[in-house]
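Observations on chain architecture
For reference, the chains in residue letters:
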Amino acid sequence: MDTPLPDLPPLPADPRWRVEHLPFLSVVCMALILFAASAGFFAGGAPDALGAAAGVLIVTISYSMSTLVIAWADTVRPALLMPLGLLTYTLKYTLLGVILAFGVSSDWEGRTALGLGIVAGVMVWTGVQAWWMYRRTAQK
């Protein structure tokens, strides 16, 4: 084909803003893991401590992964943002669904704490990221 490629918009001068919230969110999630493990231990012993901490860790890893994939796609080629974002979210929520389905159907004592850890991780990550973005836009 001899047709020219379309003009692409220029890439942003500093793409780090897409991931600048990750260090803070990682610290918050590590604190939540410690809190969830402590609460799980006091509520039901070692299995609940492991389940609650694992639930928060699963959310932290999956949300960090999707943030990094979306940031990478936006810096390399913004046209990849939608397909890669949708693929990442589909994989992430499929994996969370499989983990929750396995947890519900198993006889493991920490299964309830695992589910509660996932819920707590999602709520805290979403809330802190919304607060971060609000604070960042309010400063401008």
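The notes below deal with the structure included here. (Residues numbered from 1 in each chain as written. Predicted model: local features only at pLDDT ≥ 70, side-chain atom pairs only at ≥ 80, totals over all residues. Heavy atoms only, no water.)

It is worth spelling out the packing of helix α3 (residues 81-105) against helix α4 (residues 111-138) at this point. Across the interface, α3 lies against α4 with an axial gap of 8 Å and an inter-helix angle of 155°. By the criterion of interaxial angle, the relationship of α3 to α4 is roughly antiparallel. Classified by chirality, the crossing of α4 by α3 is left-handed. Contact with α3, carried on its side by Leu96, Ile99, Leu100, Gly103 and Val104, involves Arg111, Leu114, Gly115 and Ile118 of α4 and no other residues of that element. Class assignment for the residues of the contact of α3 with α4 results in six nonpolar, two polar and one charged. (Axes fitted to C-alpha atoms, helices over the stretch in contact; angles between N-to-C directions. Helix = DSSP H or I, 4+ residues; strand = E, 2+ residues; numbered from the N terminus. Parallel < 35°, antiparallel > 145°, perpendicular 65-115°, else oblique. Left-handed = near helix turned anticlockwise from the far one by under 90°. Contact = heavy atoms within 4.5 Å. Nonpolar A, V, L, I, M, F, W, Y, C, P; charged D, E, K, R; others polar.)

This part covers the environment of Leu116. Its place among the elements puts Leu116 in helix α4. Taking the relative accessible area as the measure of exposure, Leu116 reaches 57% and is therefore exposed. (Buried < 20%, exposed > 50% of the residue type's maximum accessible area, 1.4 Å probe, protein only.)

As a further point, take the pattern of salt bridges. Scanning the entire structure with this criterion turns up two salt bridges. For Arg18, the salt bridge is made with Asp74, and the minimal N-O distance between the two is 2.5 Å. In this pair, Arg18 is assigned in the segment before α1 (22-44) and Asp74 in helix α2 (residues 46-76), connecting sequence segments 56 residues apart. Residue classification places Arg18 among the buried residues on the basis of a relative accessible area of 12%. Using a relative accessible area of 17% as the deciding quantity, one classes Asp74 as buried. Across the salt bridge formed by Arg136 and Glu20, the nearest N and O atoms sit 2.5 Å from each other. A residue pair is termed long-range when its members are at least 10 positions apart, and Arg136 in helix α4 and Glu20 in the segment before α1 qualify at 116 residues. (Salt bridge = Lys/Arg side-chain N within 4 Å of Asp/Glu carboxyl O.)

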